[in-house]
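# Architecture at a glance
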Amino acid sequence: MRWTLKKEPEKEKIDKLARELQVDSSIVKILCQRQIETFEEAKKFFRPNLKDIHDPFLLKDMDLAVARIETAILNKENILIYGDYDVDGTTAVSLVSSYLKTITPNIATYIPDRYAEGYGISYTGIDFAEDNDFSLIIALDCGIKAIEKVAYAKEKNIDFIICDHHKPGDKIPDAVAVLNAKRTDCNYPFDELCGCGVGFKLIQALGTNRNQTITDFLPYLDLVATAIAADIVPMVGENRVLAYYGLQVINEQPRNGIKAIIHQINKKELTITDVVFIIAPRINAAGRMKHGNYAVELLTEMDYDAAVKFAADIEIFNADRKDLDKQITNEALIQIIDNDEENKNTTVVYQEDWHKGVIGIVASRLIETYYRPTLVFTKSGDKLAASARSVKGFDVYNALQECSAFIEQFGGHKYAAGLTLLPENYIQFKNKFEEVVSKTIDKKLLTPEITIDAEIELSEITPKFFRILQQMAPFGPQNMKPVFKSTCVRDNGYGKKVGADETHLKLNVFQGDNKQTFNAIGFNLGNKMNYVQDEFDIVYTLDENEWNGYKSIQLVLKDLK
């Protein structure tokens, strides 16, 4: 692991803000590193406010989208709410459909089949709309590149409103409205909304004609917060405000579907991390293992007992997903060794019977062993389909663009993408991808990096210090949980390996002459037990540990040397 200490901000800025806020300089360093340099900026950061949610009509085409929907409601047209099968897509469909159903009964939802139709808008979905007399499709979390499909729908007198957050191509689909803050001709102040976030802006805009204010839309923010967490969009600006209030809804009055997922968890207050690791995987499991419709039905269910039944089914899907993901990861690791590919700059693996629903997770798992850009392929109809994942600092989307001669279709982000290609192009693609990455990647990016916010003494960790850190939540990209480094610490002699196979490390650490000890847990660091015989350096985050009703501050070790 590479330990990289963030650049120290200017001393004058630190001293001035520390005086104004009356907090430790270590806290102020972290704020300045996040571009929070004035008292007003700090106030806005620590006290997210609904007033900081932008006017939805600042999104280009929002007036056109609202006018078309209002016409459809007036004329009693059938409206189809169409979205992708992942968490962002299914939450967006649940949000927009549940709101529109409060206005008109002529609403239905459509999630494409991951296996039969693939990602995004499909001809099958448009044919379904035609066969069932839908004259308007609202596409969520997809559609920004669906030029031909929107044209196909137009021939059938079906209008499209596209709500997307993915990077547009050179041409925008000829839809009634295309809501996407990443459009070059859109001046919306924040361009990092997730798909569900764009859907939220749409219902917020529709609410203005009904004299509704932002407080009327708070009950929908449990869905938005879940999508923000799952889609790994930056936890800054408007996203941070939406996630902050969404977490309050999840903890105080979640919709039945989310309540059914979390009712067995013995935890009083969920954090954004709990949303990522508990709620999101279960919603995702429906689309991965069965069909995304299950997730929409769960998230829009008005009867709690029915929601509990849906959640129980999805729990089984999630358990199956975990088993498959483990099995396929092992098979892929064996394939890398058999092909003598441990020392390459990329991982590209393929097996025709691998389950398409888990190849993205498997790609992420493989990066844990071989830290490099990774693609996992499986057979999908007469083509091969892959999920791509990248390492920090490397744009896999751009690398795939360089390989486009061998690709049928692809889309995604800097760190995650999906693609299809013809079987006969697999080897050529694999070789080209290795060539492109080898030429363009900075070799240091092939070693995992831990970015450290500040070096501190253990004595600085006080209840007040920890309380202020907690107020920096919710955490996520561009506002990650602060990482600290402390040097020359010791274990008090009671440190040990823990876990069924002794893969984890449990220590009690202290520093210098100060004999106050802190409990420390290092997941998957059991193999570093021999480092703790003498003084050693640690990198860690801070968490709260509760045991028998007693709460204490715990160090969560990321690495030690």
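We now turn to the structure provided with this report. Everything numeric here is computed off the predicted structure, so don't read it as measured data.

Regarding its fold elements, the chain presents 18 helices and 19 strands. Judged by the C-alpha coordinates and their principal axes, the chain covers about 80 × 60 × 50 Å. Looking at the 561 residues of the chain, the share that counts as buried comes to 54%. In the structure as shown, the chain presents an accessible area of about 25,800 Å², 48% of it carried by carbon and sulfur atoms.

This brings us to helix α6 (residues 123–131). Residues of α6 that are buried: G125, I126 and A129. Relative to the axis of α6, the buried residues are bounded by an arc of 100 degrees and lie together on one face. Looking at the buried side of α6, the elements it contacts are β2 (78–83), β3 (107–110), β4 (134–140), α7 (147–155) and β5 (159–163). Backbone geometry just downstream of α6 places D133 in the positive-phi region, at approximately 65 degrees.

A separate point is helix α13 (residues 293–300). Considered for burial, the residues of α13 that qualify are A295, V296, L298 and L299. Taken down its axis, α13 places every buried residue within 160 degrees of arc, on the same side. Contacts made by the buried residues of α13 are with α5 (87–100), β3, α9 (221–230), α11 (256–262), α12 (272–290) and α14 (304–338).

Two elements in contact, α5 and α13, have axes separated by 9 Å at closest approach and are oriented at 45 degrees. Relative to α13, α5 is oriented oblique. Handedness of the α5/α13 crossing: right-handed. Of the residues in α13, those touching α5 at T90, T91, V93, S94, S97 and S98 are A295, V296, L299 and T300.

We now examine the environment of S25. Counting through the fold element by element, S25 comes out in helix α2 (residues 25–33). In the structure, S25 is positioned 14 residues away from K11 in sequence and 9.5 Å away in space, judged by C-alpha atoms.

This paragraph deals with the sheet that holds strand β9 (residues 383–389). Read across the sheet, 5 strands follow the order β7-β8-β9-β11-β10 without closing on themselves; strand pairing throughout is mixed. Unpaired on one side and paired on the other, β7 (347–350) and β10 (409–412) mark the two borders of the sheet. Strand after strand, the sheet turns through a mean of 15 degrees between neighbouring axes, direction not considered. Here strand β8 (residues 374–380) runs beside β9; their pairing, made up of 7 bridges, is antiparallel. Bridging from a neighbouring strand, K379 pairs with L384 of β9. Helix-sheet contacts for helix α17 (residues 426–440) involve β7, β8, β9 and β11 (416–421), and the interaxial angle to β7 is about 165 degrees.

What counts and what doesn't
Residues numbered from 1 in each chain as written. Predicted model: local features only at pLDDT ≥ 70, side-chain atom pairs only at ≥ 80, totals over all residues. Heavy atoms only, no water. Helix = DSSP H or I, 4+ residues; strand = E, 2+ residues; numbered from the N terminus. Buried < 20%, exposed > 50% of the residue type's maximum accessible area, 1.4 Å probe, protein only. Areas by Shrake-Rupley, 256 points an atom, 1.4 Å probe, with all protein chains shown as cover. Arc of directions from axis to C-beta. Contact = heavy atoms within 4.5 Å. Axes fitted to C-alpha atoms, helices over the stretch in contact; angles between N-to-C directions. Parallel < 35°, antiparallel > 145°, perpendicular 65-115°, else oblique. Left-handed = near helix turned anticlockwise from the far one by under 90°. Pairing = 2+ DSSP bridges.

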